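# Examination of the molecular architecture
Letter by letter, the chains look like this.
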Amino acid sequence: MDLDRSVRVWPQVADELRRRLDAGRYKPGERFPAVNDLAAEFDVAPSTIQKAVSTLRAEGRLRTVLGQGSFVV
């Protein structure tokens with residue numbers, strides 16, 4: 001995915017992750033990829049991924065279990 005780095009990146013990452021969720025790439029109950037793995041894939045800082053994941057969590061698309069990671073709702 002080509003990111004437009006002239007604007008905030010985390011909303012673009014969140015949009016791409018939403019598309020993947022909507023397409024069924026990640027199934028309900030499945031563990032969501034780790035922040036560091038997604039950061040490497042998108043070539044962004046982990047904090048950028050954390051913001052995108054936080055947004056998806058606030059939308060009710062993910063839930064996070066301390067010490068276990070995030071899961072698709």
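For clarity, every value in this text was computed on a predicted model and none was experimentally measured.

### Side note on the packing of aromatic side chains
- Using the criterion set out here, one finds one aromatic pair in the structure.
- Here the aromatic rings of Tyr-26 and Phe-32 are separated by 4.9 Å at their centres, their planes lie at 65°, and the arrangement is edge-to-face. Here Tyr-26 and Phe-32 have matching classes, each one buried.
- Above the face of the Trp-10 ring, Lys-51 is positioned so that its terminal group lies 4.9 Å from the ring centre.

### What to know about helix H1 (residues 10–22)
- Between its terminal C-alpha atoms H1 stretches 18 Å, which fits the 18 Å expected from 13 residues at 1.5 Å a residue.
- Looking at H1, one finds that the buried residues are Gln-12, Val-13, Ala-14, Glu-16, Leu-17, Arg-18, Arg-20 and Leu-21.
- Where the residues of H1 are buried, they touch helix H2 (35–42), helix H3 (46–58) and strand E2 (69–72).
- Within two residues after H1, Gly-24 carries a phi angle of roughly 85°, on the positive side.

What counts, and at which threshold
- Residues numbered from 1 in each chain as written.
- Predicted model: local features only at pLDDT ≥ 70, side-chain atom pairs only at ≥ 80, totals over all residues.
- Heavy atoms only, no water.
- Phe/Tyr/Trp six-rings, centres within 6.5 Å; stacked < 30°, edge-to-face > 60°.
- Buried < 20%, exposed > 50% of the residue type's maximum accessible area, 1.4 Å probe, protein only.
- Lys NZ or Arg CZ within 6 Å of the ring centre and 35° of its normal.
- Helix = DSSP H or I, 4+ residues; strand = E, 2+ residues; numbered from the N terminus.
- Expected span 1.5 Å × (residues − 1).
- Contact = heavy atoms within 4.5 Å.

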